[in-house]
Amino acid sequence: MAFLHQFFQKKHLKKSVDMTKLPRHIAIVMDGNGRWAKRYGMPRQAGHAAGSETFRRTAIACKELGIEYLTVYAFSTENWKRPQQEVSAIMDLLRQYLAEAIEKMSSDRVRLAFFGDLSGLSDDIVELIVRAEEASSHFEGLQVNICINYGGRDEILHAAAQLARSCMDGRMTPEEISEEAFSSSLYSAGVPDPDLIIRPSGEYRVSNFLLWQSAYSEYYFTDVLWPDFDKQELIHAIRAFQGRSRRFGGI
């Protein structure tokens, strides 16, 4: 019976949207965990734990729909300014997620990639990240990109420095620096730009997320706090995207 219920759920999910106009790449700012916890009288760490579960459910929903790429903003370069107790709780959740993900790779068959300055993370987390990427590298279908110790400006500076070194080493000239060359120097090299960026929690900011890649992305804003984000809200976002006219600067 559980199998039949899951089958009909997937079927209903796909009927809810135009499967011929799906965004290839969805990116999400997972915002509102702390406010969700405060609303229910719980510590902020409980909000991050609830947000982690929402992330899992959203990834599975994207996989069921046939989305190719999902990028989530998990921890920014600015988040280090938060109280040490909260930062430690987020890192522990990341450790737990990575350990579980490595165990479940064969069943979930989701390819994992990580964007950001990994040198700022503890050695054990970096080791788990490397193991998760290697273990899932051969899976086809959905690729989940997790932005950790990530900032859009930091990414652009990193790419600019990499291109500058190439010029200094004689591997290229300044005149050869193109949009394509710059994109290939970003953390997201090889991943198409996001078609749809979802920002929950009622905030209307880009928050230093995918600044270069979002030049022509469609945005969807919702007042729903991230831990309360569900399949229906994902469908609302995709439907809104499908109703947009994407001209990319043309007519």
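Up top is the structure these notes are about.
These numbers come from a predicted model, not from an experiment. (Residues numbered from 1 in each chain as written. Predicted model: local features only at pLDDT ≥ 70, side-chain atom pairs only at ≥ 80, totals over all residues. Heavy atoms only, no water.)

### Structural notes on the layout of surface pockets
Approximately 710 Å³ is the volume attributed to the largest pocket. Forming the boundary of the largest pocket are 31 residues, of which M30, Y73, A74, F75 and N79 lie nearest the centre. When residues of the lining of the largest pocket are traced back to their parent elements, those giving at least two are helix 2 (33-39), helix 3 (44-65), strand 2 (69-76), helix 4 (84-108) and strand 4 (143-150). Across the lining of the largest pocket, the residue classes break down as 14 nonpolar, nine polar and eight charged. Volume-wise, the second largest pocket comes out at about 260 Å³. Taken together, 14 residues make up the lining of the second largest pocket; nearest its centre are R56, I60, Y97, K104 and D108. Looking at the lining of the second largest pocket, the elements that each hand over two or more residues are helix 3 and helix 4. Element by element, the count of residues in the lining of the second largest pocket is highest for helix 4, at six residues. Of the residues in the lining of the second largest pocket, the class split is nine nonpolar, no polar and five charged. (1 Å grid on protein atoms, 1.4 Å probe; cavity = no way out; pocket = protein on both sides within 12 Å on 5 of 7 lines; lining within 4 Å. Points joined across faces, edges and corners; volume = space filled by probe spheres on them. Helix = DSSP H or I, 4+ residues; strand = E, 2+ residues; numbered from the N terminus. Nonpolar A, V, L, I, M, F, W, Y, C, P; charged D, E, K, R; others polar.)

### Notes on the sheet that holds strand 5 (residues 196-199)
Strand order in the open sheet formed by six strands is 3-4-2-1-5-6, with parallel pairing between adjacent strands. With partners counted over all chains shown, the strands left at the sheet margins are strand 3 (111-115) and strand 6 (218-221), one partner each. Strand-to-strand twist across the sheet, computed as the mean angle between neighbouring axes with direction ignored, equals 20 degrees. Where strand 1 (residues 25-29) meets strand 5, three bridges bridge the pair, whose relative direction is parallel. Considered in strand 5, the bridge of A27 is made with I197. (Pairing = 2+ DSSP bridges. Axes fitted to C-alpha atoms, helices over the stretch in contact; angles between N-to-C directions.)

### Description of helix 8 (residues 231-242)
Taking 1.5 Å of rise per residue, 12 residues should cover 16 Å, and helix 8 covers 16 Å from first to last C-alpha, within 8% of that figure. Along helix 8, the residues that are buried comprise E233, L234, I235, A237, I238, F241 and Q242. Among the residues of helix 8, the N-terminal cap falls to D230, whose side-chain oxygen and the backbone nitrogen of Q232 are separated by 3.2 Å. (Expected span 1.5 Å × (residues − 1). Buried < 20%, exposed > 50% of the residue type's maximum accessible area, 1.4 Å probe, protein only. Polar contact = N/O pair within 3.5 Å; in protein donor to acceptor, adjacent residues only side chain to side chain.)

### Notes on unusual backbone geometry
One non-glycine residue, N149, lies in positive phi territory at about 50 degrees. Relative to the helices and strands, N149 resides in strand 4. On the accessibility criterion, N149 (6% relative accessible area) is buried. Residue S201 is not a glycine yet carries a positive backbone phi of 85 degrees. The topology assignment puts S201 in the loop between strand 5 and strand 6. For S201, a relative accessible area of 7% puts it in the buried group.

### So, helix 3
The terminal C-alpha atoms of helix 3, which comprises 22 residues, lie 31 Å apart, in line with the 32 Å expected from a rise of 1.5 Å per residue. Note on helix 3: the residue one or two positions beyond its end, G66, has a positive phi of about 100 degrees.

### Re the pattern of salt bridges
Summed over all chains, the structure comprises 17 salt bridges. The salt bridge involving R35 is made with D31; its shortest N-O contact spans 3.1 Å. Judged by relative accessible area, which is 17%, D31 ranks as buried. The salt bridge partner of R82 is E86, with a shortest N-O separation of 3.0 Å. With a relative accessible area of 4%, E86 lands in the buried category. (Salt bridge = Lys/Arg side-chain N within 4 Å of Asp/Glu carboxyl O.)

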